[in-house]
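Working through the structure, step by step
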Amino acid sequence: MHAEFLFNEFMTATETEPSALHEVLLKAACKQIHKELEETNYTIECVRLAHRIFGYLGDEGLHKRLALMRAFLNINASKRMEDQFWANWELVDNLALLIQYKAMIDEQKRFLKWAKKHMPPDDWLKVMHDSTQAIGWVQEGQADAWFTIYVELIQCVEPTAANRHSRILYVETATGLLIFHANKHSEAYVEIERFSCIIHEDLLWAEYTNFLVRLMSYRLALSSALGDWLTYEKTVNEAMMVIIREINKYNNTNDSAALEKVCDMAHDTGACLIWEKRYRQAMPLFEYALHNQGTGITHYYYAICVWGRAAGQDRRAASS
Amino acid sequence: MRSVYGVEQRDRIAALHHLRLAETKVKGNGGLRLRYKHMFLEQEEFSELWEDYEFLSAFLG
């Protein structure tokens, strides 16, 4: 049987009823894709399927992804630039996920050099904008080097509607580093303002509301860091109002893409509340996301809320 | 019924249930699946459970 068939069987069975019993299908798909990679000499279709399969295999799978991307990039066959870009990005990202930060920084520097030579400026932002990868630079004491590249790229790439998404992700990552890792609150405020300016370039932008709620999550983090609880409460209420408005909008349209976005917003805001140990307040948001979307990470966060609340760790309940 | 942590049994069961689902579900879980044990063992809220066999066995990895 083909790896794709086995993998689809695994996905269907697991989506219907998550169970460890389905792992045998995943293992069989993994074994089969190795054979197919060799037989096809790493065609992009095979590589992308292998990447998906390996993503469900934990750390072992992430190591397999590293070997996969290196093999694909080194294979002596013609490759499209966008596929090489994807493989390079995945190589860097999986090194970050495995906390191999020294190797990750070397690869990311090499990747940026490659991208500047072969790809348009909009793609340079994508090389650097990921937050998980950026944390690696901080952990290795190279935050200043990361910010030097950030300032250079954010200033040299001409802002357009096409690169708005990438610019926001990049500014968002910089904001997170400044708040959570560098404790540079005044600089974080500047980046939050930049974030706000970018999302307000076009109020009709399809991603406007999604990023508006994400902007609020950074305002929550900054006001928490500053102990500005009045602003914190005001921002929580604003985020809740946006989410409720979007839920009502979904109820009138039944647009499944809109529902996914609302669930993401509920999850993001719930996560902010967890950092403040406001489990009871976060739970209805996660419950909505679980009921309508149900990703693994939302289940994990909901488990934190259940345990934190039950163990009497809820800060808001304790203070009220 | 209360457990040794002073937590109601139903909350313990609910937390276990959601950790198991985090570990096994596929939706939005590419790259994260089978890696929740690391997160669990670093999550401050779960610190009293880090040696709890039933919770540790909720993870496949």
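None of the values given here were measured: they were computed from a predicted structure. (Residues numbered from 1 in each chain as written. Chains lettered and ligands numbered in written order. Predicted model: local features only at pLDDT ≥ 70, side-chain atom pairs only at ≥ 80, totals over all residues. Heavy atoms only, no water.)

Overview of helix H13 (residues 229-253) of chain A
Residues and elements named next belong to chain A. Here H13 spans 36 Å end to end across 25 residues, near enough to the 36 Å set by a 1.5 Å rise per residue. Those residues of H13 that fall on the buried side of the exposure criterion are Tyr 232, Thr 235, Val 236, Ala 239, Met 240, Val 242, Ile 243, Glu 246, Ile 247 and Tyr 250. In this structure, the buried residues of H13 make contact with helix H12 (208-226), helix H14 (256-275) and helix H15 (279-292). (Helix = DSSP H or I, 4+ residues; strand = E, 2+ residues; numbered from the N terminus. Expected span 1.5 Å × (residues − 1). Buried < 20%, exposed > 50% of the residue type's maximum accessible area, 1.4 Å probe, protein only. Contact = heavy atoms within 4.5 Å.)

Structural notes on the packing of helix H11 (residues 185-199) of chain A against H12(A)
Residues and elements named next belong to chain A. Viewed as axis vectors pointing N to C, H11 and H12 meet at an angle of 165°, and their least axial separation amounts to 10 Å. Viewed along their axes, H11 and H12 adopt a mutual orientation that is roughly antiparallel. As H11 runs across H12, the sense of the crossing is left-handed. Residues His 185, Ala 188, Tyr 189, Ile 192, Glu 193, Phe 195, Ser 196 and Ile 199 of H11 touch H12, and the partners they reach there are Tyr 208, Phe 211, Leu 212, Arg 214, Leu 215, Tyr 218, Arg 219, Leu 222, Ala 225 and Leu 226. (Axes fitted to C-alpha atoms, helices over the stretch in contact; angles between N-to-C directions. Parallel < 35°, antiparallel > 145°, perpendicular 65-115°, else oblique. Left-handed = near helix turned anticlockwise from the far one by under 90°.)

A look at the packing of aromatic side chains
Using the criterion set out here, one finds 22 aromatic pairs over all chains in the structure. Ring geometry for A:Trp146 and A:Tyr170: centres 5.6 Å apart, planes at 90°, overall edge-to-face. With A:Trp146 in helix H9 (residues 143-156) and A:Tyr170 in helix H10 (residues 164-181), the pair connects residues that are 24 residues apart, well separated along the chain. Classification of A:Tyr170 by relative accessible area gives buried; the value is 0%. Ring geometry for A:Tyr300 against B:Phe46: centres 6.1 Å apart, planes inclined by 70°, an arrangement best described as edge-to-face. Here A:Tyr300 is found in helix H16 (residues 296-310), whereas its partner B:Phe46 is found in the loop between helix H2 (36-40) and helix H3 (53-56) on a different chain. This pair shows no difference in class: A:Tyr300 is buried, exactly as B:Phe46 is. Aromatic rings pair up to connect A:Trp275, A:Phe286, A:Tyr300, A:Tyr301, A:Trp307, B:Tyr36, B:Phe40, B:Phe46, B:Phe55 and B:Phe59 into one cluster. A cation over a ring is seen here: A:Arg48 above A:Trp86, with NZ or CZ 4.2 Å from the ring centre. The ring of A:Trp124 has A:Lys116 lying over it, and the distance from NZ or CZ to the ring centre is 5.8 Å. (Phe/Tyr/Trp six-rings, centres within 6.5 Å; stacked < 30°, edge-to-face > 60°. Lys NZ or Arg CZ within 6 Å of the ring centre and 35° of its normal.)

Thoughts on the pattern of salt bridges
According to the stated counting rule, one finds 23 salt bridges over all chains in the structure shown. When the shortest N-O distance is used, the salt bridge between B:Arg35 and A:Asp59 registers 2.6 Å. One end of the pair, B:Arg35, is in the loop between helix H1 (9-24) and H2; the other, A:Asp59, is in helix H4 (residues 58-74), on a second chain. By relative accessible area, B:Arg35 is classed as buried at 10%. Note that A:Arg278 and A:Glu233 form a salt bridge whose closest N and O atoms lie 3.1 Å from each other. Here A:Arg278 is found in the loop between H14 and H15, whereas its partner A:Glu233 is found in helix H13, with 45 residues between them in sequence. Overall, A:Arg278 belongs to the buried group, its relative accessible area being 7%. Classification of A:Glu233 by relative accessible area gives partly exposed; the value is 27%. (Salt bridge = Lys/Arg side-chain N within 4 Å of Asp/Glu carboxyl O.)

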